[in-house]
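This is what each chain is made of:
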Amino acid sequence: MDEVIQVTQWLSSITPRKKAKLFFFTTHADAPTPTVGSNDVDTHEETQLPLATTVALHNFKNIDEFLKKKVNTFSCYNVIENEITKTDYEYLRFYSACKYLDVVPPFLDLEKISAIQNKFEMTDEERDYRLLLDSADLVLEKVCDSLKPAGVPQMWTALRKDRNLIRGVKTIEIIGFFVDPNPTGIKECLFFFIVRHLQMIKKIGRVNTNRLERLIAQCDESSACEEGRTIDFIIDSLRCYPTELYPFGSCLILCVFEDRDGAMQEIEKTMEISRHLGMITHTEKNPTKETIELVKKELMKPEYQFYSSFTCWFMSHGDSNSMLLADGETMEREWFLTSFPDISTFQLKPKVFFMVSCLGANKFRLEGAKFKCQSATCDYYDIGSALIRNRMLDITDSVRDISYVQPMMDTLVAYSTIPDHLSGRANTHGSIYVDRACVLMSENISRGRSLTEILEHLSQDLHEILQETMDEDRIVYKQACHYDSFFRKTLKLPYTRHPKEGVHSAPQ
């Protein structure tokens, strides 16, 4: 069959809503290109034009032409070995979006997809199409689905009233002031136009969504929200780190075995909870400084930018400043914690470090006969007042910036003990902290809990447990853990265990 006919038939089989979503996912604003960071307004306007004309004319002709052009580009594209190109990224994004929406063209060359994945050195687990979808875009899609057709024009009206958001943008005028959102797919086109516009003028980003939240907050809840949804619910979804679908993230497990009974148990527990959460896991037993440098180099490879988060478990002996490595050398803890968050592939994504080691030799010792032989070391804001608000600073958009970010932002470091104190271990099961952390995370999947909520529960749970030193003094003591957070959003555990491919149902 002629390719032109095939493309025409494929487009005719896609609903207007799915066409709008496919355009949105395909024009992913943060996709790596040579012009990332560019202020080329004309390029941005050109990207937005199909959405603008579709909303203005209630006609999907320009979006159809855009999708045809994409398909033709991919059809003629020759995959170049070794060199990763802009088209490689676009091809993967397009394929994953089609797969997610259940609209994969029957004529799409899947061998090219495989060849591109080979260039990225993707493992079998990483070839799951869900990894290639951008979690931030999936969250925005769900926000759109939570709004009624009447809700998005309310956002549009609020946007049009702010001159700083629309000055000099021609596509804004194409749409006009009043929009009829009722024809199928128009609501989606208008919402995605608003989102991409705010991204392109650098008012919102992957983490910074305040400006979008403020537009949604101006909507009338009764007419704007779908049944079962509220303005607060929608805004709360934007205040969480985007970690939709599989995988939940990349997990690195570093474990030193020397003089650490139960180390293998620690690895098994952390690997189990990582799989439980839907992470793709890499384990390094008995790491050295060279091992860690190699791991850092690995994490800088292009395929890791598709991951939504990064988690590291580092289990070893340590003191107040350093961790002991397998070859007997020590590594400064601060160096480790500042060098990993700076890896570009995980910028603007949550990074969690579980540092399981002593931070000193002190113990919170418990005195008294009743504590003898009792230990687990053995193996048995909402500001509602206008008055208060009136006293607060008026922070305008002109003094806000989302372009420059401190490297440690979006990082959380969890420590198994408090400064200058021991970190307890069971005789054969390894770190008690690791054991309780894995148990609590496993119990809280599907409950909508955030990681910090679980860490607070862990702090309470761990501090109730009586432990005993393994030396001849047999001192009974308690352990306390803590964490340092540089998070700008909430990181929630998945609501369900991540299903294998084939269980996923396509959106409407």
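This is a predicted model, so every value here is computed, not measured.

Asks: Even after reading the chapter, I still don't get the side chain of Ser96, so can you show me in this structure?
Replies: Positionally, Ser96 belongs in helix 5 (residues 86-101). Given a relative accessible area of 1%, Ser96 falls into the buried group. Not counting chain neighbours up to four residues away, the residues in contact with Ser96 comprise Tyr129, Leu132 and Leu133.

Asks: Got a minute to help me understand the state of the cysteines in this structure?
Replies: Should the sulfur atoms of two cysteines be covalently bonded, the bond is a disulfide. Counted according to the given criterion, the structure contains zero disulfides. Sulfur of Cys438: no disulfide; nearest cysteine sulfur belongs to Cys251 and is 9.3 Å away. Overall, Cys438 belongs to the buried group, its relative accessible area being 7%.

Asks: Hey, could you run me through the nonpolar core in this one?
Replies: One broad rule of soluble globular proteins: the nonpolar side chains tend to lie buried together. Ranked by size, the top nonpolar core spans 101 residues in total, and within it Trp10, Phe191, Phe336 and Phe340 carry the most contacts. In contact with Phe191, other than residues within four places in its own chain, are Leu140, Val143, Cys144, Leu147, Val152 and Met155. The next biggest cluster of nonpolar side chains, apart from the first, holds 37 residues, and it includes Cys255, Ala263, Ile273 and Val356.

Asks: Just checking my understanding: could you explain the environment of Phe191 for this structure?
Replies: Inspection of the secondary structure assignment puts Phe191 in helix 12 (residues 186-200). For the pair formed by Phe191 and Cys144, sequence separation is 47 residues and the distance between their alpha carbons is 6.6 Å.

Asks: Where do I start with the pairing of strand 3 (residues 310-315) in this structure?
Replies: The side chains of a regular strand alternate between both faces of the sheet. With six of its six residues buried, strand 3 lies for the most part within the structure. Going residue by residue along strand 3, you find Phe310, Cys312 and Phe314 tucked away on one face and Thr311, Trp313 and Met315 tucked away on the opposite face as well. Sheet topology places strand 1 (residues 249-255) next to strand 3; six bridges connect them, and they run parallel. From the neighbouring strand, Ser250 faces strand 3, where its bridge partner is Phe310. The pairing of strand 3 with strand 6 (residues 351-356) spans six bridges and is parallel. Each bridged residue has a counterpart across the sheet, and for Trp313 the counterpart in strand 6 is Phe354.

Asks: Which parts of the structure should I look at to understand the packing of helix 1 (residues 3-12) against helix 4 (residues 61-76)?
Replies: Packed helix pairs are specified by the crossing angle of their axes together with the interaxial distance, meaning the distance between the axes. One can describe the packing of helix 1 onto helix 4 by two numbers: an axis separation of 11 Å at closest approach and a directional angle of 135 degrees. One element, helix 1, and the other, helix 4, form an angle in the oblique class. Taken as a pair, helix 1 and helix 4 cross one another with a handedness that is right-handed. Where helix 1 abuts helix 4, its residues Glu3, Val7, Trp10 and Leu11 lie against Asp64, Leu67, Lys68, Val71, Asn72 and Ser75. Looking at side-chain class alone, the contact of helix 1 with helix 4 contains five nonpolar, two polar and three charged residues.

Asks: Please clarify how the pattern of salt bridges should be interpreted in this entry.
Replies: Should their charged atoms come close, side chains of opposite charge can pair. Taken as a whole and assessed by the stated rule, the structure comprises 25 salt bridges. Between Arg130 and Asp128 there is a salt bridge, with its nearest N and O atoms 2.7 Å apart. For Arg130, a relative accessible area of 3% translates into the label buried. Note on Asp128: relative accessible area 8%, which makes it buried. Residue Asp410 is joined to Arg488 by a salt bridge in which the shortest nitrogen-to-oxygen separation is 2.8 Å. Residue Asp410 is located in the loop between helix 19 (386-390) and strand 8 (411-415), and its partner Arg488 is located in the segment after strand 13 (482-485); the two are separated by 78 residues in the primary sequence. Its relative accessible area of 31% is what places Arg488 among the partly exposed residues. Connected through shared salt-bridge partners, Arg17, Lys21, Glu141, Asp145, Lys187 and Glu188 make up one network.

Definitions and limits used
- Every residue gets a number counted from 1 within its own chain, in the order that chain's sequence is written.
- The predicted origin of the model limits local features to residues at a pLDDT of at least 70 and limits the giving and counting of side-chain atom pairs to 80 or more, whereas totals for whole chains, interfaces and linings rest on all residues.
- Hydrogens and water are ignored here; the side-chain numbers use all heavy atoms of the structure.
- Strands here are runs of E lasting at least two residues and helices are runs of H or I lasting at least four, both read from the DSSP assignment and numbered beginning at the N terminus.
- A simple rule labels every residue: compare its accessible area, found with a 1.4 Å probe on the protein chains alone, to the largest value its type can have, and call it buried under 20%, exposed over 50%, or partly exposed in between.
- Contacts between residues were defined by any pair of non-hydrogen atoms, one from each residue, lying within 4.5 Å.
- Pairs of cysteine sulfur atoms within 2.5 Å are what we label disulfides.
- Grouping buried Ala, Val, Leu, Ile, Met, Phe, Trp, Tyr and Cys residues that are joined through side-chain atoms within 4.5 Å yields what is termed a nonpolar core.
- Pairing between two strands is assigned when DSSP locates at least 2 bridges connecting them.
- Axis definition: a line fitted to C-alpha atoms, over the contacting stretch in the case of helices. Angles run 0 to 180 degrees between N-to-C directions.
- Each angle receives one of four descriptions, namely roughly parallel if under 35 degrees, roughly antiparallel if over 145, roughly perpendicular if within 65 to 115, and oblique otherwise.
- The handedness criterion is simple: a crossing whose near helix is rotated anticlockwise from the far helix by less than a right angle is left-handed, and one whose near helix is rotated clockwise is right-handed.
- Gly counts as polar in this scheme, as do all residues outside two lists: the nonpolar Ala, Val, Leu, Ile, Met, Phe, Trp, Tyr, Cys and Pro, and the charged Asp, Glu, Lys and Arg.
- A carboxyl oxygen of Asp or Glu within 4 Å of a side-chain nitrogen of Lys or Arg is what we treat as a salt bridge.

Any link to function would need more than the numbers given here.
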